[in-house]
2 protein chains.
Amino acid sequence: MSLPVPPWEQRPQKRRSTKQPLSQEAIVAAAFKILDAEGLEAVTMRRIADELDTGPASLYAHVANKDELYALLLDQAAGEVRLPAPDAEHWQDRAKDFLRDLNRVLISHKDLGRAALARIPVSPNALASSEALLAILRTGGVPDQDCAWAADILSLYVVAHAYENGLQQLHGDEDEGMAYVAAIGEYFHQLPSDRFPNIVGLAGLLTTGDGDVRFEFGLDLLIRGLAARAEEARKAHG
Amino acid sequence: MSLPVPPWEQRPQKRRSTKQPLSQEAIVAAAFKILDAEGLEAVTMRRIADELDTGPASLYAHVANKDELYALLLDQAAGEVRLPAPDAEHWQDRAKDFLRDLNRVLISHKDLGRAALARIPVSPNALASSEALLAILRTGGVPDQDCAWAADILSLYVVAHAYENGLQQLHGDEDEGMAYVAAIGEYFHQLPSDRFPNIVGLAGLLTTGDGDVRFEFGLDLLIRGLAARAEEARKAHG
DNA sequence: ACCTGAACACCGTTCAAGT
DNA sequence: ACCTGAACACCGTTCAAGT
């Protein structure tokens, strides 16, 4: 009988021995693990390959390229979003609830929002999201062309906001973020007030409000605008 | 007297002989040349160095890093934006004119909008832009906190839209772009109408409108919302 | 002070070769 | 069909050495 090898002499365990077979699901799962821990920038083909104990070339049997991988991440995230049922009476609340949840899901995956920018959402779960939003707006009596354009604009707003906010959440704990915002406020306050009277005058207000408060503000503007247009159209021809 | 060297035998002219001394201005100019021709992705330290007949390391004497270079590009672009004077009576038009011009300038530099995302505008020309927008809103009677948040949200909208639109303008002439949009429309139209009734039903309207029309739609929503809030505040404690 | 070549530590993607 | 190693053509940035 030989004694067991003491821990400090054990070779670093090669996951290779218990390695799962490569698959698109495994690749996407590894990508999410990296994304949620370090942000989108760290999600590279080579890092994913590392995570799966293989070489980068091996991934290309299951994913066409990095862009398709990002599309897969987005589709999975889109699947996490709750889709409220349409309600003619409360269409504004339903639309807001949907967009709030989209924002929540995106931010929960750090700066994944960046991957949603400049991409037309044609994946299954993204289509289901668009369908749900269009249904809510249309049931509420928003004119058809407004529904179509609003679905685009509203999503653009949420995605852009989630990107900016997810980044912020990324490279700083709450304390660091607060300190940075405070520093910006200081900077605004100390600018020459003859050249920048409004920035100086509003320095405090420019830096108040966390991401959620600001998100709600923009959402309020957009939905109010949409409601006003819908009301106008209703009056114009019954 | 010897005959001149025929053109086909001339060595490719080395710009090195007539090379300008390196400077931040020269670097930014070279960067804009590449940006306007090929988009932001092509604006790398190494490409700029190539353009200036030097090595990438030489740039670091004049620019801290790539992020600072992008900030310089944005500041110069911000300097191209026309800043309307405030006008209490027509604040909505003045705000729209400013944001339209910001959009125009960004798109004229391809997908430069991407560089504006996730960056707090603290450069001189960016501050002047913010100041102008705040002045317009405040003079119009928009409540202070709304002015502060709106300046942020409105810029976010323009920048995000310019990014998406500038990209589209990048990798396709007008014809290609039209064909792509038409293909998307086809795709929407051919989806199963039991699962996606609204996408199918609105397929035509989802793909109508060029970038400018869609930009105006979003702008209308935001400014209407802002005006409605301002009116509410006025009534509340006029 | 400015510029340079070389190096470091990364990228995405392809391709011939293996199983 | 899937996986691999090696290579190709790139990145941003640093650093010691030159002028």
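Residues numbered from 1 in each chain as written. Chains lettered and ligands numbered in written order. Predicted model: local features only at pLDDT ≥ 70, side-chain atom pairs only at ≥ 80, totals over all residues. Heavy atoms only, no water.

Caption draft 1: Broad picture of the relation of the copies chain A and chain B. Each copy of the sequence occupies a distinct position, and chain A is placed on chain B by a rotation of 180° and an axial shift of 0.0 Å, giving an RMSD of 0.0 Å. The transformation just described matches what one would write down for a two-fold rotation axis. Among all C-alpha atoms of chain A, that of Gly 225 of chain A lies closest to the rotation axis, at 2.3 Å. In this assembly the copies share their binding face: 100% of the residues contributing to the interface of chain A also contribute to that of chain B. (Least-squares fit on C-alpha atoms with pLDDT ≥ 70 in both. Contact = heavy atoms within 4.5 Å.)

Caption draft 2: Examining the side chain of Ser 129 of chain B more closely. Here Ser 129 of chain B lies in helix α7 (residues 124–139). Excluding anything up to four places from it in sequence, Ser 129 of chain B contacts Ala 78, Leu 83 and Phe 98 of chain B. (Helix = DSSP H or I, 4+ residues; strand = E, 2+ residues; numbered from the N terminus.)

Caption draft 3: View of the packing of helix α5 (residues 91–108) of chain B against helix α8 (residues 144–170) of chain B. Residue and element names in this part refer to chain B. Axis separation between α5 and α8 bottoms out at 9 Å; the angle between their running directions is 35°. In this structure, α5 crosses over α8, and the sense of that crossing is right-handed. On α8, the residues that touch Leu 99, Leu 102, Asn 103, Leu 106 and Ile 107 of α5 are Leu 154, Val 158, Val 159, His 161, Ala 162, Asn 165, Gly 166 and Gln 169. Grouping the constituent residues of the contact of α5 with α8 by class yields eight nonpolar, five polar and no charged. (Axes fitted to C-alpha atoms, helices over the stretch in contact; angles between N-to-C directions. Left-handed = near helix turned anticlockwise from the far one by under 90°. Nonpolar A, V, L, I, M, F, W, Y, C, P; charged D, E, K, R; others polar.)

Caption draft 4: Structural context of the protein's contact with DNA strand C. Taken together, 17 residues sit near DNA strand C, with Arg 46 and Tyr 60 of chain A together with Thr 54, Ala 57 and His 62 of chain B positioned nearest. Take the atoms of DNA strand C that sit within 4 Å of the protein: sugar and phosphate atoms are 53% of them. Thr 44 of chain A places a polar side-chain atom, nitrogen or oxygen, 3.4 Å from a phosphate oxygen of DNA strand C. One of the side-chain nitrogen or oxygen atoms of His 62 of chain B is found 3.1 Å away from a phosphate oxygen of DNA strand C. For the surface near DNA strand C, the secondary-structure elements that each account for two or more residues are α2 (45–51) and α3 (56–59) of chain A together with α3 (56–59) of chain B. Each residue belonging to the surface near DNA strand C can be placed in one class, and the counts come to six nonpolar, five polar and six charged. (Near = heavy atom within 4 Å. Polar contact = N/O pair within 3.5 Å; in protein donor to acceptor, adjacent residues only side chain to side chain.)

Caption draft 5: Region of interest: the interface of chain A and chain B. Between chain A and chain B, the contact holds 57 residues from the first and 57 residues from the second. Across the interface of chain A and chain B, roughly 5100 Å² is buried in total on both sides, 71% from carbon and sulfur atoms. Among the residues of chain A in contact with chain B, Glu 131, Trp 149 and Phe 217 of chain A are the three that bury the most area, contributing 13% of the side total. Residue contributions to the side of chain A that touches chain B peak at 16 residues, all from helix α8 (residues 144–170) of chain A. Residues belonging to the side of chain A that touches chain B are distributed by class as follows: 36 nonpolar, eight polar and 13 charged. (Buried area = accessible area lost by both parts, 1.4 Å probe.)

Caption draft 6: Examining the pattern of salt bridges more closely. Tallying each qualifying case throughout the model produces 34 salt bridges over all chains. Between Asp 220 of chain A and Arg 224 of chain A there is a salt bridge; the shortest N-O distance is 3.0 Å. Here the residue Asp 220 of chain A and the residue Arg 224 of chain A both occupy positions in helix α12 (residues 211–236), the gap between them amounting to four residues, near one helical turn. Salt bridges sharing partners connect three or more residues here, namely Lys 96, Asp 220 and Arg 224 of chain A together with Asp 146, Arg 229 and Glu 232 of chain B. (Salt bridge = Lys/Arg side-chain N within 4 Å of Asp/Glu carboxyl O.)

Caption draft 7: Region of interest: the protein's contact with DNA strand D. With respect to spatial proximity, 17 residues lie near DNA strand D, and among them Thr 54, Ala 57 and His 62 of chain A together with Arg 46 and Tyr 60 of chain B are the closest. When atoms of DNA strand D within 4 Å of the protein are split into backbone and base, the sugar-phosphate part holds 51%. Within the contact set of DNA strand D, a phosphate oxygen lies 2.3 Å away from a side-chain nitrogen or oxygen of Thr 54 of chain A. Breaking the surface near DNA strand D down by element, the ones donating at least two residues are α3 of chain A together with α2 (45–51) and α3 of chain B. Its residues assigned to classes, the surface near DNA strand D shows six nonpolar, five polar and six charged.

Caption draft 8: Structural view of the packing of aromatic side chains. All names here are of chain A. Scanning the entire structure with this criterion turns up six aromatic pairs over all chains. Ring centres of Tyr 187 and Phe 188 lie 6.2 Å apart, and the angle between their planes is 45°; on these two criteria the pair is classed as tilted. Judged by its relative accessible area of 9%, Phe 188 falls in the buried class. (Phe/Tyr/Trp six-rings, centres within 6.5 Å; stacked < 30°, edge-to-face > 60°. Buried < 20%, exposed > 50% of the residue type's maximum accessible area, 1.4 Å probe, protein only.)

Caption draft 9: Region of the structure containing the UniProt feature "DNA-binding region" (unreviewed entry) in chain A. Under the present numbering, the feature "DNA-binding region" (unreviewed entry) in UniProt falls on residues 44–63 of chain A. Span residues 44–63 of chain A is 55% helix and 0% strand, its end C-alpha atoms 13 Å apart. (UniProt positions renumbered as here; feature names shortened; annotations may be inferred.)

Caption draft 10: Focus on a positive patch on the surface. A cluster of basic residues, Lys 66 and Arg 114 of chain A together with Lys 66 and Arg 114 of chain B, forms a positive patch at the surface. Locating Lys 66 of chain B in the fold gives a position in helix α4 (residues 66–78). (Patch = residues over 30% accessible without salt bridge, like charges linked within 9 Å, V, L, I, M, F, W, Y side chains within 5 Å. Areas by Shrake-Rupley, 256 points an atom, 1.4 Å probe, with all protein chains shown as cover. Lys, Arg positive; Asp, Glu negative; His and termini not counted. Charge placed at Lys NZ, Arg CZ, Asp CG, Glu CD.)

Caption draft 11: Local environment of the nonpolar core. Counting 146 residues, the largest nonpolar core has Ile 48 and Leu 137 of chain A together with Ile 48 and Leu 137 of chain B as its most contacted members. Beyond its immediate sequence surroundings of up to four residues, Leu 137 of chain B is in contact with Trp 91, Ala 95, Val 142, Cys 147, Ala 150, Ala 151, Leu 154 and Leu 226 of chain B. (Core = buried A, V, L, I, M, F, W, Y, C linked by side-chain atoms within 4.5 Å.)

Caption draft 12: Just a nonpolar patch on the surface, in detail. Side chains of Ile 120 and Val 122 of chain A together with Tyr 180 and Tyr 187 of chain B sit close together on the surface and give an oily, nonpolar patch of about 340 Å² of accessible area. By secondary structure assignment, the location of Tyr 187 of chain B is in helix α9 (residues 174–189).

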